[in-house]
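Now for the letters of each chain:
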Amino acid sequence: MKIMTQKHILNHMLVALLTLFSLAGMSIVQAQSNDEAEAEGEIIELSPFEVSVDALRGYVTTSSLSGSRIVVPITELAGTTITINENLIADSVAQDLRDTLNMVAGVTHGNVGTGNQLNQIFSLRGYTVSSALRDGLPSLMMTSAGGWDYSIVERMELSKGPAGVLFGSHSPGGVLSITSKLPKAAPATTIELRAGSFNYYRASIDHSGFTADGKLGYRVSTALWDWDGPAELPNEPGSTFVFNPSLSYRWDNGLKVWAWYTHMEDNAANRRPNMTYAFGMRTAEHAPFPAVHEGIANNGQTYSNLWSNLSAVEIDSLEFGISKIFSGDNFDGAVRFIARLEERDSNRSRIRGIGGRNYLAANDVLIGTESRDLTLAQVDTELVRITRNASRFDDRGNTEEQDFFTVDLTLNFDTGPVGHQVLTYAQYQKTDNTDRERRTDIRHAELPQDVQDANGWDNGRITMWPNPAYGPITPAFMAEFGGASIDRGSNDFTQDVFSWGIMERASLFNRRLIGVVGLRYDSLDQFNRFTREDRATPTDSTFGDDDWSSKYGVVGKVYEGDSGVVSLFYNNAETFTIETRIDTRLGTIGKPLPNRVTSTDEFGIKLDMWGNRLGLTLSFFDNTESNVLITRFDDLAGTITGVPAPFGNILGQAYLTPAGDRLSEGWDIDLAVSPIDGLDIILAYGNVDVKITEGEVQGVPDDTFSAFVRYKFLNGALSGFSTAWQYNSWGQSGMNSNFARPNFTQAFVKGDSVHHLIVGYEWKGWDFRVRITNLFDDVIVRSNIFWTGMAMEPDRRFIFSVTKTFGHGK
């Protein structure tokens, strides 16, 4: 797995030091009573780079950090940022990323790929996102293949649409930013134990405290969990472990220093959901929607195209920071410096079925080899078995190291009637990345007969459905019986990015009218080395480019009074993508592909009313991305790229091709309201229409709706009991057009919906909860790209949770 670099060794030494300090801090705090410590406490002035984690009213959050790089009230932001706070995370008994993200308008989690893994990919305003920032800054903590756990999350913020001035190059749909867990202002300890369906278990501890003078704080959050998933595979690598200690010290003069560390071994992130095929997509009976056979999707008769899942992610993240609040006669402000060192080792290996598919009726009568040509009537009445003729070992890995440094300065001052809040920053990011890939294929018909007989593989056919016999298809098995390995090569690149940005928020009329303008410059240098065993000399290339991003907007408060704030906003912002890849088509091979710029026009309304009981954001957006690139897989013969598809592939060598502009327009609304004490409601709806000049958008639902309603009994015989209902629905989404239908006509997946139920009881610091996911145990197709393995919502699943809270908030 991971090579122990000097930085990696240093990380582990530092985490040991942090742990010792934490334990020492615990012993000091234990000598003080909570009452004494709270009596010593004073009101702490937070810098504009810090988010308050004080108690919230339900799910309404009134301020954001990632929406402006400094803490700003939601009603003063020229853009759309939605916060998932700690109350919602706890009340939903969230485990998967979709448990919370799917409550945000325009967001659907798990919508890309063939469904082989429960990946961390979600759609947002017509684009897919597979990474997350931490505290609004770059981080390696989350990947599409794993690296996610709520034990490191204080809260989550989704900033929708392009915002290059704030985040640099990113998905034009927006970004997800995690707010780190840092020492709290009051001592608190939370211990939680969970158990549930598919052999699920989880244990977590979150402990925070401070010294008697309130200056030295510490926090340790850790979790261990595992589950088999609804369609367990053999050779799963194991559980997920997270360890997240942090320390901070605050002086009376406004100076604060902190250290934050996380070690994560995520070996259970890729539990495969149920899958099914799409049938009849080339028949008029089902066009343009494929038909789904419920029996194939049923967990009792598991379909699999994946024999072994070897995916795993290991992450180390270390951060040191220092900030200082200062003031003068006519100004005040703060400065912050952060150094963030991270390493990530991802193993994305798997063994999967390839080769011809056989759709068999009784007595192994072949009824077809192509699912798109079968009608659902044939499948319902005849199909009893699906097999494949070969397997492939995709030996794939990635290692990445990232060093990130930033200096941020914010100043507040007045010039006459105009108030100014100016943020300027400079940051440097260095990335070292290595990708490798090797393939080994095996044709089952060429295996010794005794091996076939031992595994029930008749005539070289291995069963995919029903209840596949996995057999010993491991890397060792592939090495013993497979053919020659194909070296797909390794790619090493080093990238240096220097960025500088400035943003001003100018206000008039006692902050009733706020104008926002910002500019950012990014300069990138990259060195690539591509190595293959069959090439005597590696292919080296150097690349350098720079680009600018801009933003301007305005916020006007049309009402501000005792009832709250109502504001209107307009946002014009852009982000860019410096394209470092080159054209691989034979006619234009080696030429640089064009950079892309995405801009947005967005306007809307925001409300923060009735003492933070109601928060609402309604926005209308129109995004345009220039020079969009799409990936094609239609080069089966190799006439476009010079690389013909290997044996068993239904997809040719992937290549990028320019496809004109990508237009995304729509609207979304997010509402959080607590109309009476004990009742909390979330409602969210998003609609997006995405078009590309040449090609189609895949895996993005055209609309989403979600509702979360929770009621807690505050009085009477049922006092302490609570019940919550969560509902998510999504509209149709496009599938891959390259092979889905003749002449590249796109097929679609119908939309669907799912219900969840959470029942709880709180008593003297104890919290008992039961979450029932997919309450009605429906067979539900998620948004998918490929028809060969359509992912399903997991079967009905139970999670039982017991939580004990000590200290603050007890």
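Residues numbered from 1 in each chain as written. Predicted model: local features only at pLDDT ≥ 70, side-chain atom pairs only at ≥ 80, totals over all residues. Heavy atoms only, no water.

Side note on the pairing of strand S14 (residues 255-266)
Turning to step 1, where the next piece is worked out: Burial runs high along S14: 9 of the 12 residues are buried.
Turning to step 2, where the next piece is worked out: With 9 bridges connecting them, strand S13 (residues 240-250) and S14 associate as antiparallel partners. Paired with serine 248 across the bridge in S14 is tryptophan 258.
Turning to step 3, where the next piece is worked out: Counted along the chain from S13 to the antiparallel partner S14, the turn is 4 residues long, and its residue glycine 254 has a positive phi close to 95°. (Buried < 20%, exposed > 50% of the residue type's maximum accessible area, 1.4 Å probe, protein only. Helix = DSSP H or I, 4+ residues; strand = E, 2+ residues; numbered from the N terminus. Pairing = 2+ DSSP bridges.)

Topic: the pattern of salt bridges
Turning to step 1, where the next piece is worked out: Considering all chains together, one arrives at 53 salt bridges under this definition.
Turning to step 2, where the next piece is worked out: Residues lysine 181 and aspartate 206 are paired through a salt bridge, measuring 3.1 Å at the closest nitrogen-oxygen approach. Of the two residues, lysine 181 sits in the loop between strand S9 (174-180) and strand S10 (188-196) while aspartate 206 sits in strand S11 (residues 200-210), which places them 25 residues apart along the sequence.
Turning to step 3, where the next piece is worked out: For lysine 181, a relative accessible area of 10% corresponds to the buried category.
Turning to step 4, where the next piece is worked out: Here arginine 439 and aspartate 394 are joined by a salt bridge, their closest N and O atoms 3.4 Å apart. With arginine 439 in strand S24 (residues 418-443) and aspartate 394 in strand S23 (residues 385-415), this pair connects stretches of sequence that are 45 residues apart.
Turning to step 5, where the next piece is worked out: Classification of arginine 439 as buried rests on a relative accessible area of 12%.
Turning to step 6, where the next piece is worked out: Here the salt bridges do not stand alone but share partners, grouping Asp91, Arg710, Lys712, Glu762, Asp767 and Arg769 into one network. (Salt bridge = Lys/Arg side-chain N within 4 Å of Asp/Glu carboxyl O.)

Description of the nonpolar core
Turning to step 1, where the next piece is worked out: Counting residues in hydrophobic clusters, the biggest one holds 40 residues, and the most contacted among them are Leu101, Phe122, Met156 and Leu176.
Turning to step 2, where the next piece is worked out: Going through the elements one at a time, strand S3 (80-84), helix H3 (86-91), strand S5 (122-124), strand S8 (153-160), S9 and strand S19 (312-327) are the ones with two or more residues in this core.
Turning to step 3, where the next piece is worked out: The element that contributes the greatest number of residues to this core is S8, accounting for 3 residues.
Turning to step 4, where the next piece is worked out: Those residues within four positions of leucine 101 in sequence are excluded, and the remaining contacts are Ile84, Val107, Phe122, Met156, Leu158 and Leu176.
Turning to step 5, where the next piece is worked out: Phe279, Val379, Ile386 and Met464 belong to the second-largest nonpolar core, a separate cluster that totals 26 residues. (Core = buried A, V, L, I, M, F, W, Y, C linked by side-chain atoms within 4.5 Å. Contact = heavy atoms within 4.5 Å.)

Observations regarding the confidence of the model for the protein
Turning to step 1, where the next piece is worked out: Confidence in the prediction for the protein averages 86 pLDDT; 89% of positions are at 70 or higher.
Turning to step 2, where the next piece is worked out: Every residue in residues 1-41 scores below 50 in pLDDT, and together they form 56 contacts with partners more than four places removed in sequence or on other chains. (pLDDT = per-residue confidence, 0-100.)

Considering the packing of aromatic side chains
Turning to step 1, where the next piece is worked out: Applying the stated criterion across every chain, the model contains 23 aromatic pairs.
Turning to step 2, where the next piece is worked out: Ring geometry for tyrosine 59 against phenylalanine 708: centres 5.8 Å apart, planes inclined by 65°, an arrangement best described as edge-to-face. Taken as a pair, tyrosine 59 in the loop between helix H2 (34-40) and strand S1 (63-64) and phenylalanine 708 in strand S36 (residues 703-712) lie far apart in primary sequence, 649 residues in all.
Turning to step 3, where the next piece is worked out: Where phenylalanine 721 meets tyrosine 761, the ring centres are 4.5 Å apart and the plane angle is 35°; that geometry is what we call tilted. Here tyrosine 761 lies in strand S40 (residues 752-763) and phenylalanine 721 lies in strand S37 (residues 721-730), a separation of 40 residues in the sequence.
Turning to step 4, where the next piece is worked out: Residue phenylalanine 721 is classed as partly exposed on the basis of its relative accessible area of 35%.
Turning to step 5, where the next piece is worked out: Here tyrosine 761 falls in the partly exposed class, since its relative accessible area comes to 27%.
Turning to step 6, where the next piece is worked out: These aromatic residues form a ring-pair network of at least three members: Tyr277, Phe279, Tyr303 and Tyr359.
Turning to step 7, where the next piece is worked out: Sitting over the ring of tyrosine 127, arginine 662 keeps its end group 4.0 Å from the ring centre.
Turning to step 8, where the next piece is worked out: In this structure, arginine 797 is placed above the aromatic ring of tryptophan 227, and the distance from its NZ or CZ to the ring centre is 4.0 Å. (Phe/Tyr/Trp six-rings, centres within 6.5 Å; stacked < 30°, edge-to-face > 60°. Lys NZ or Arg CZ within 6 Å of the ring centre and 35° of its normal.)

Quick notes on the environment of threonine 369
Turning to step 1, where the next piece is worked out: Counting through the fold element by element, threonine 369 comes out in the loop between strand S22 (366-368) and helix H7 (376-382).
Turning to step 2, where the next piece is worked out: Residues threonine 369 and isoleucine 386, 17 residues apart in the sequence, show an inter-C-alpha distance of 9.4 Å.
Turning to step 3, where the next piece is worked out: Ignoring anything within four residues of it in the chain, the contact list for threonine 369 reads Arg357 and Tyr359.

With respect to the sheet that holds S9
Turning to step 1, where the next piece is worked out: One open sheet holds the 4 strands; their spatial order is S3-S8-S9-S7, and the pairing between them is mixed. Two strands in the sheet have a free side with no partner beyond their single neighbour: S3 and strand S7 (133-134).
Turning to step 2, where the next piece is worked out: As paired strands, S3 and S8 are joined by 5 bridges and run antiparallel to one another. Following the sheet pairing, threonine 80 is matched in S8 by lysine 160.

Describing a nonpolar patch on the surface
Turning to step 1, where the next piece is worked out: Residues Ile322, Val335, Phe337, Phe405, Val407, Tyr428, Phe498, Trp500, Ile502, Leu519 and Trp548 make up a contiguous nonpolar surface patch of roughly 880 Å² in combined accessible area.
Turning to step 2, where the next piece is worked out: Put simply, the parts of the chain that give the nonpolar patch at least two residues each are strand S20 (331-347), S23 and strand S26 (486-508).
Turning to step 3, where the next piece is worked out: Of the residues forming the nonpolar patch, the biggest block, 3 residues, is contributed by S26.
Turning to step 4, where the next piece is worked out: Here valine 407 shows up in strand S23. (Patch = residues over 30% accessible without salt bridge, like charges linked within 9 Å, V, L, I, M, F, W, Y side chains within 5 Å. Areas by Shrake-Rupley, 256 points an atom, 1.4 Å probe, with all protein chains shown as cover.)

Section: the pairing of strand S27 (residues 513-531)
Turning to step 1, where the next piece is worked out: Where S26 and S27 come together, 19 bridges link them in antiparallel fashion. Each bridged residue has a counterpart across the sheet, and for valine 497 the counterpart in S27 is leucine 524.
Turning to step 2, where the next piece is worked out: If you look at the hairpin formed by S26 and S27, you'll find 4 residues sitting between the two strands, and phenylalanine 509 has a positive phi there, around 55°.
Turning to step 3, where the next piece is worked out: Where S27 lies against strand S28 (residues 539-561), 18 bridges are found, and the strand directions are antiparallel. Within the sheet, the bridge partner assigned to arginine 520 lies in S28 and is serine 549.

Thoughts on the environment of glycine 333
Turning to step 1, where the next piece is worked out: With respect to the helices and strands, glycine 333 occurs in strand S20.
Turning to step 2, where the next piece is worked out: For glycine 333 and leucine 423, which are 90 residues apart along the polypeptide, the C-alpha to C-alpha distance reads 9.5 Å.
Turning to step 3, where the next piece is worked out: Filtering out sequence-adjacent residues up to four positions away, glycine 333 remains in contact with Lys324, Ile325, Phe326, Thr410 and Leu411.

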